Structures are given as structure tokens and as C-alpha cells.
Amino acid sequence: MWNQLQSIALRFPRLRLHKLLSLSAKTSFHLPCRDRRLSSTHASHDKKSIYILGVGSIGKLFAHSLAKSSSAPPVTLLLHRPELAVDCDKAGGCIEVVKNGSADKQCGFQTEVILQKGGDTSTHEIITNLIVVTKAQATVPALQPLKHRLTNESTILFLQNGLGVTEEVTARIFPNPSSRPQYLAGITTHGAYPTAPFSIVHAGIGTATVGAFLPPEDSGQQGIIVEDPVASIPANSRYLIQQILKAPALAATAVTPEQLLRARLEKLVINATVNPLTVIFNRHNGQLFGRPPIRVLIQRLLTEVSAVIRALINYKGNTMDSRFSEPALEKHVERVATFNSKGINSMLQDVRAGKETEIDYINGYIVARGAELGIQCPHNRKVVEMVKNGHVISESQISDFFPHIEGTEYH
Ligand SMILES: NC(=O)c1ccc[n+]([C@@H]2O[C@H](COP(=O)([O-])OP(=O)(O)OC[C@H]3O[C@@H](n4cnc5c(N)ncnc54)[C@H](OP(=O)(O)O)[C@@H]3O)[C@@H](O)[C@H]2O)c1
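Residue numbers run consecutively from 1 along every chain, following the written order of its sequence. Thresholds applied to this predicted model are a pLDDT of at least 70 for local features of residues and 80 or more for the giving and counting of side-chain atom pairs; totals over whole chains, interfaces and linings are not thresholded and use all residues.

- Under an unreviewed UniProt entry, the name given to the chain is 2-dehydropantoate 2-reductase, and the source organism is Glonium stellatum.
- Database annotation for the chain, UniProt heading Sequence similarities (unreviewed entry): "Belongs to the ketopantoate reductase family." UniProt positions are given in the numbering used here, feature names are shortened, and annotations may be inferred rather than shown by experiment.

As for the overall build of the chain
Working step 1: A helix here means a DSSP run of H or I that spans at least four residues, while a strand means a run of E at least two residues long, and both kinds are numbered starting from the N terminus. Per the secondary structure count, the chain includes 15 helices and 13 strands.
Working step 2: A burial count over the chain gives 44% of its 411 residues as buried.
Working step 3: Look at the contacts in the chain between residues 6 or more apart in sequence, and 75% of them connect residues 24 or more apart. Exposure classification rests on a simple neighbour count of other C-beta atoms within 10 Å of a residue's own: a residue reaching 20 or more is buried, one at 12 or fewer is exposed, and one in between is partly exposed. C-beta atoms are placed from the backbone. Contact definition: two residues whose C-beta atoms, as placed from backbone geometry, lie within 7 Å.

Some words on the environment of Thr 151
Working step 1: Secondary-structure assignment places Thr 151 in the loop between helix H6 (139-143) and strand S8 (155-158).
Working step 2: Judged by the 14 C-beta atoms lying within 10 Å of it, Thr 151 is partly exposed.
Working step 3: Along the sequence, Thr 151 and Ser 179 sit 28 residues apart, while their C-alpha atoms lie 5.6 Å from each other.

Topic: the pairing of strand S9 (residues 182-188)
Working step 1: Of all seven residues making up S9, six are buried, and the element is well covered by its neighbours.
Working step 2: For two strands to be treated as a pair, DSSP must find no fewer than two bridges joining them. Bridging between S8 and S9 involves four bridges; their strand directions are parallel. Looking across to S9, one finds that Ile 156 is bridged to Tyr 183.

Digging into unusual backbone geometry
Working step 1: Positive phi, close to 40°, is recorded for Ser 71, a residue that is not glycine.
Working step 2: One can find Ser 71 in the loop between helix H4 (57-68) and strand S3 (75-79).
Working step 3: Residue Ser 71 is classed as exposed on the basis of its C-beta count, with 6 C-beta atoms lying within 10 Å.
Working step 4: The phi angle at Ala 251 is positive, at roughly 45°, despite the residue not being glycine.
Working step 5: On the secondary structure map, Ala 251 appears in the loop between helix H8 (238-245) and strand S13 (252-254).
Working step 6: Note on Ala 251: 16 C-beta atoms within 10 Å, which makes it partly exposed.

Focus on helix H14 (residues 378-389)
Given 3.6 residues to a turn, an α-helix orients residues that are three or four positions apart in the same direction.
Working step 1: By definition here, a helix of n residues has an expected span of 1.5 Å times n minus one. Between the first and last C-alpha of H14 there are 16 Å, a value that for 12 residues agrees with the 16 Å anticipated at 1.5 Å per step.
Working step 2: The set of residues buried in H14 consists of His 379, Asn 380, Lys 382, Val 383, Val 384, Met 386 and Val 387.
Working step 3: After H14 finishes, the residue Gly 390 shows a positive phi value of roughly 70°.

Considering the site of the ligand
Working step 1: We call a residue near a molecule or strand if the C-beta atom, set from the backbone, is within 6 Å of it. Lining the immediate environment of the ligand, one finds 22 residues, of which Gly 56, His 80, Ala 142, Gln 160 and Asn 161 sit closest.
Working step 2: Elements that contribute at least two residues to the shell around the ligand include exactly H4, H6 and strand S10 (191-196).
Working step 3: A per-element tally of the shell around the ligand places H4 first, with three residues.
Working step 4: Gly is placed with the polar residues, together with every amino acid not listed as nonpolar (Ala, Val, Leu, Ile, Met, Phe, Trp, Tyr, Cys and Pro) or charged (Asp, Glu, Lys and Arg). Class assignment for the residues of the shell around the ligand results in nine nonpolar, 11 polar and two charged.

A few points about H8
Working step 1: Along H8, the residues that are buried comprise Leu 240, Ile 241, Gln 243 and Ile 244. Buried residues along H8 cover an arc of 160° about the axis, so they all sit on one side. The arc refers to the directions leading from the helix axis to the C-beta atoms.

Regarding the packing of helix H9 (residues 257-281) against helix H11 (residues 326-339)
Working step 1: Lines fitted to C-alpha atoms define the axes, with helix axes restricted to the stretch in contact, and inter-axis angles between N-to-C directions lie between 0 and 180 degrees. Between H9 and H11, the shortest axis-to-axis distance is 10 Å and the interhelical angle comes to 70°. As the angle between them shows, H9 and H11 are arranged roughly perpendicular. Two secondary-structure elements touch here, H9 through Glu 266, Val 269, Ile 270, Thr 273 and Val 274 and H11 through Leu 329, His 332, Val 333, Val 336 and Ala 337. Orientation categories follow fixed angle ranges, with anything under 35 degrees roughly parallel, anything over 145 roughly antiparallel, 65 to 115 roughly perpendicular, and all other angles oblique.

Some details on the environment of Gln 242
Working step 1: For Gln 242, the location among the structural elements is in helix H8.
Working step 2: On the basis of neighbour count, Gln 242 is assigned to the partly exposed category, with 14 C-beta atoms found within 10 Å.
Working step 3: Along the backbone, Gln 242 and Ala 254 are 12 residues apart, and their C-alpha atoms lie at a distance of 8.9 Å.

Things to note about the sheet that holds strand S4 (residues 94-99)
Working step 1: Taking strand neighbours across the sheet as the criterion, the four strands line up as S5-S4-S11-S10 in an open arrangement whose pairing is mixed. Both outer strands of the open sheet, strand S5 (102-107) and S10, are each paired with one neighbouring strand and no more. Within this sheet the neighbouring strands show an average axis-to-axis angle of 25°, counted without direction.
Working step 2: As judged from the three bridges shared by S4 and strand S11 (residues 199-204), these two strands associate in the parallel manner. Bridged to Glu 96 within S11 is Ser 199.

As C-alpha cells, this is what we get:
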């Protein structure tokens, strides 16, 4: 901590020592990042400010896109390490996004350094609009230092791959429904990767889909499907959704809770098959379906995934049910893997970069929910274990790890 403060002191000589020492006792503090908005009072823009938690590739893409829109909202970057404020200052307080070879910089972000193990909490400034774009497994630790600033008037948009994060946040951070923030969820097909601390390449031009969060097990109780997606979002949360919708670069759409749940589950299916198998076999997306034993493994995974999802959402007349039959899922997975055949998905990228993957919120989610429902998921369980242990195998070894799959079996 002391080294971090010394480094900040060197970068910001106008901050005096006693000020730095007092900062060390706080949970969060503001640092200048060549921020034109620092001069404005918090009260004037607090309710309008959009906070970004998880200033990685997608966090920067969203911050940049929001800042670029007409009548842009104030955007605050929540930095979990003081050095990031130094990096931000070096970048001129700007985020650079390179798209189709041309670079665009957006500047003027407010930054706040959030100390992960701060003493008492001297900042109680309420966060009204928060977008969470950490990796799934970092969500609870990232939200812990902020929980006193999130109230039932706050909105949190979870924009992450995988499922189960929101339920974990409820259980571990906001167990009391009366003080719990409103949850929104979203998925994105944009693709981005970093080239420098505050520069990213927007490599895959995609879309974002956002709406009110609906747990899978509540889908049956929804009854009537609301036609106007924004109307299905609680009034307090519409501002955040509207800001995202009016950022052209995000190509965002608001959908009903049912539609969003379907999209999230379909993405989960892709992430639970294509992603871990590219890791286990060290192959690109498009190199899986042409290999008969791997195709059988995909089918086995889908049998379990389909059973769990259908049990979760099952109710009489559920229109989603047929979408999650095994044949429908197999077609869906093959279509996506073929369309993005040369792509290196995020799990493979994480493994190659030596980072922890989101597997616990993908295949791990299927295994855990299956256990609650009495559905065994041995293939998904094995996949979780292999990805975590870094097992890379060839097709000829497949039956050593998945005993019921023979090298040539195919249906
Ligand atoms: N990148 C893509 O193309 C893409 C596309 C679609 C969906 N997604 C999904 O979007 C989500 C974010 O992905 P990403 O690629 O943007 O990940 P990322 O680049 O790793 O960004 C996550 C950021 O969260 C930060 N973080 C870690 N712990 C934190 C904490 N306690 N408090 C605050 N911040 C913390 C990380 O910092 P450190 O670097 O210090 O760990 C990192 O800057 C994931 O769920 C991913 O699957 C990504």
C-alpha cells in the first residue's frame, strides 16, 4: 500500500503526505485523471453518473461508447488498484478504441480508486447507476467495498458471460430484499482486447442486449410477456438503459425479461460447449464439429445442459422449452461455431494468457443447478475439472477422460 501511495505522490505532487495517509484509511478516493468533470459538484451529476466496475476490455468499450454519444452522461471509472489511476493519467485521462484500423479517443472520465481492504468507509456517496463488467468470478469481491453505496434506489447492470453471478451477489451482498438494488442484465457480442492500459481494439463489431434480470426458475411465473421492453424495466432503472440505447457504437437493444433470459441461456450453451472444448483440444471454434469423437462429446454435454435448462425453466406451455431441446441446441452450437470458425473465444484467450477462466459460471453453473434438480452432469463436471487443471488432450485420448465415448462413435 505504502509503495502505491508513494507512486501516487510522485505522479500527483500536489497531493500532500497527510492527504495520502488519510487516503490510505479510506475505502475509496477520487484521483485526478486530467478530468474536466472534477470541478463539477458530485451532487449535480451523481444521479446521472454511470459507474463502470471492471475497467477491462468491455468496460472500456462501454465507457468510451457512452462518452461518445450525444449529450453523453458523466462516466466514472472505478479502479481497483491505485496504479490504474497513474496509467489513466499517462493516457491523458482518455480511453482509446481502435476500430477497423482507426483510433478514437474519448476523454474526461471521472476516476475513483476503490481500496479493496480499506479501513472505515469514509465515502458514502450513493452510486445510482452501475455497470458491472468484471469477469464473473471477480464480481462479489469487486462489489464488497461498494455495497454501502448501493441502495434500493441503485441499479446494477450485470454485463457478463455465464450465469449465477446475480444469485451469488444476492446471497452474499444484498440478502435483504428491501435494500437490494434493482438488477438488470445484459449480454454482448462485441469483441475487444487490450493493447495498452487505456487502449483497446474493438475487434468484433457486435451488439448488446439488455433488460430486466429474470432468474431462470421464475420464467414460468412471468405469465404475460410484456411487449414494450423498456416498460418492463422499473422506472428508476430506465435512465441507465436509455443511455446505453443511445450510444450508437454499442448497437444495443432492450428486450423483455423473457427474451433476455432466452438469449443469456443460449449464450451459456455456446460458452459451455465450444469454449471449454477449444481449450481442452487446443483448437479454434471451427475445428470441433468436423471431428466425430469431439462431436459426440458435444452431444453428451448438450444432453446434460438441455436437461438442466429445461428443468429450470419448465412449466406448462413455456414457449422457450423447444428451443432448448438437444437437436435444437446442437444446430445452434454448430451454426455459431461455424460462423465464427477462426475465432479464439474468451476462455481460450484467458487460458493462453494464464488467467483464471469463468468456467465455474458456465459448465460449473450447469453442474451446480443439475445437482439441485437431481440431474447428474458427469461430462460437464469433467470439463470443469479439465479446464481448471489445464488438461489439453488429443482426440485419441478422449475415452481416457470420458469413458463412454469411443473414438469413432457418432450419431
Ligand atoms: N472481451 C470480450 O471480447 C468479451 C466479449 C463478450 C463478453 N465478454 C464478457 O465480459 C466480461 C468482461 O470481460 P473482459 O474481456 O472485459 O474482461 P477483462 O478485460 O479481464 O476486464 C475485467 C476487469 O475487471 C478488473 N477487476 C478484477 N478484479 C476487480 C475488482 N475486485 N474490482 C474491480 N475491478 C476488478 C480486471 O482487472 P485486472 O486486470 O487487474 O484483473 C479487469 O480490468 C466477462 O464476463 C466476459 O466473458 C467479454
